[in-house]
Amino acid sequence: MGIISPVGNRLDEAWTNVCEGNSGIELVTDFDTSSFSTRIAGVVNNFEPSDYMSPKDIRKTDPFIHYGIAASVEAIKHSGLEITEENGHTIGLAMGSGIGGIKYIEDNHNKFLAGGPRKVSPFFIPGSIINMTSGYVSIMQHITGPNVSIVTACATSAHCIGFAGRMIQHGDAEVMLAGGSEYATTPVAMGGFCSAKAMSTRNDDPTRASRPYDIDRDGFVLSNGAGCVVLEELEHARARGATIYAELLGFGMSGDAYHITTPPPDGEGARKAMTAALRDAGVEPSDIDYLNTHGTSTPVGDVGETVGIRRAFGDAADNLMVSSTKSTTGHMLGAAGVAEGIFCVQAIHNQVVPPTSNLDNQDPECDLDYVPNVARDAKVRLALSNSFGFGGTNGSLVFGAFD
């Protein structure tokens, strides 16, 4: 596993901060936000792209690619996987992004306006398109197996993980690197979300702005980051003596067919995705110990997901531990699913459930056990992660302890 995030750029650091409720939300200082209704975001600090890329490649690519490459490299290191000319064809990539290279697009558009078409970088297109994280990692690591990128807004990296697992099941690869990356704290992107009135405007209290399931929540907090997991066929992992942190047991998808940005009040899309993942895993709702929710801190979304969970889990919902780690990371869009999948695996590995921070006054319409404010030592054998995206696209993943 590898992660680049507002709560840390190392796996142990990010996990500790999520469990301790240390927020990564702060004021945006990269540009003048004085005219923006939202001036806060989850930004990545202490990150040096030169640790992972050449100066030349840094200049000709968007930061979302920098983050994605870094997360992939860290995941490969963490896995102990050796990639050689002989085994490169057995390894693949499924790395996506929700928005892609919007900063690089904005920068080159400004150059075009100032000086005409000749000022546009010759690397503008390959420096901004979404599949170039997979492309660069493939080239840098000599990975010649499947090379794909899925784009499904905020469900992107969950879908990448799910489809990567199925590629292994179908024999397309023995190992898959899967995840996503995002850098969307740019003037145009933030302006768009502000115009949609989707984000929190708690600018005077950034670390408490993301507050899923709290009665005073007022929108999501936009964040940057990336994550990558190394999925491996079991016998291949055993043969090389790999440390196995968890097993990917199930993957489910659905479409809301309701609205481009708003989930249905009955949570039907969420219910279908969760039910499909449980069915794929061959487990019952009562078998799940922990659920990491999409939980973006929007008034409508949090209620809709809660209703969907109750419908999917029935009576078992009352015994389910539920939390939204977006309360500390903010919403990493296309990287959210993989980050939260990593936190599910960490919950299983460490037998600790991370909390929903800033949950001071629980919304009566959100009536589950959201593990408020304090991490909980608990037996976690099976965990489920939800990721939902604009356009009504949904993905759920089930992870299990491996004995």
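Residues numbered from 1 in each chain as written. Predicted model: local features only at pLDDT ≥ 70, side-chain atom pairs only at ≥ 80, totals over all residues. Heavy atoms only, no water.

A look at the overall build of the protein chain
Counted only if it meets this: Numbering of helices and strands runs from the N terminus, with a helix taken as a DSSP run of H or I at least four residues long and a strand as a DSSP run of E at least two residues long. Each radius of gyration reported is based on C-alpha atoms, and the globular scaling rule is 2.2 Å times the count of residues to the power 0.38. Throughout this description, buried means an accessible area under 20% of the type-specific maximum (1.4 Å probe, protein chains only), exposed means over 50%, and partly exposed covers the range between. We call two residues in contact whenever any of their non-hydrogen atoms come within 4.5 Å of each other. Computed by Shrake-Rupley with a 1.4 Å probe, the accessible areas treat only the displayed protein chains as cover when residues are assessed.
Across its full length, the protein chain carries twelve helices and 14 strands. Here the C-alpha atoms of the protein chain give a radius of gyration of 20 Å, agreeing with the 22 Å that 2.2 N^0.38 yields for 403 residues. For the protein chain, the C-alpha atoms occupy an extent of roughly 65 × 55 × 40 Å along the three principal directions. Per-residue burial over the protein chain gives 60% buried out of 403 residues. Of all intrachain contacts in the protein chain linking residues separated by at least 6 positions in sequence, the fraction that spans at least 24 positions is 77%. Taken as a whole, the protein chain presents about 15,800 Å² of accessible surface, with 51% of it coming from carbon and sulfur.

Details of the nonpolar core
Let me state the cut-off plainly: Here, nonpolar core means buried Ala, Val, Leu, Ile, Met, Phe, Trp, Tyr and Cys residues that are tied together by side-chain atoms lying within 4.5 Å of each other.
Grouped together as the largest cluster of nonpolar side chains are 43 residues, with contacts concentrated most on Val229, Tyr290, Ile342 and Phe343. Those elements that provide at least two residues to this core are helix H1 (11-20), helix H6 (156-169), strand S6 (175-182), strand S7 (225-232), helix H12 (336-350), strand S11 (352-353) and strand S14 (393-400). Those residues in contact with Val229 that sit more than four places away from it in its chain are Met1, Ile161, Met176, Leu177, Ala178, Val338 and Ile342.

Considering the pattern of salt bridges
Oppositely charged side chains can pair when the atoms bearing their charge come close. Test applied: In the sections that follow, a salt bridge refers to a side-chain nitrogen of Lys or Arg positioned within 4 Å of a carboxyl oxygen of Asp or Glu.
Inspection of every chain in the model, using the stated rule, returns 22 salt bridges. Asp302 is paired through a salt bridge with Arg217; the nearest N and O atoms lie 3.3 Å apart. In this pair, Asp302 is assigned in helix H10 (residues 299-313) and Arg217 in the loop between helix H7 (187-195) and S7, connecting sequence segments 85 residues apart. For Asp302, a relative accessible area of 0% puts it in the buried group. Through salt bridges with shared partners, a single ionic network connects Asp205, Arg208, Arg211, Asp214 and Asp360.

A word on the sheet that holds S7
Threshold: Between any two strands, at least two bridges found by DSSP are needed for them to pair. Geometry is summarised by axes, namely lines fitted to C-alpha atoms with helices restricted to the contacting stretch, and by angles between N-to-C directions that run from 0 to 180 degrees.
Pairing is mixed across the open sheet formed by five strands, whose spatial order is S1-S7-S6-S4-S5. Lying at the two open borders of the sheet, with one neighbouring strand each, are strand S1 (2-4) and strand S5 (147-148). Of the pairings in the sheet, the one linking strand S4 (residues 91-96) to S6 comprises six bridges and is parallel in character. Paired with Ala94 across the strands is Ala178, a residue of S6. H6 contacts S4, S5, S6 and S7 of the sheet and is inclined by roughly 170 degrees relative to S6.

Considerations on unusual backbone geometry
Unlike most non-glycine residues, Tyr213 shows phi in positive territory, near 70 degrees. Residue Asn358 is not a glycine yet carries a positive backbone phi of 65 degrees. Relative to the helices and strands, Asn358 resides in the loop between S11 and strand S12 (376-377).

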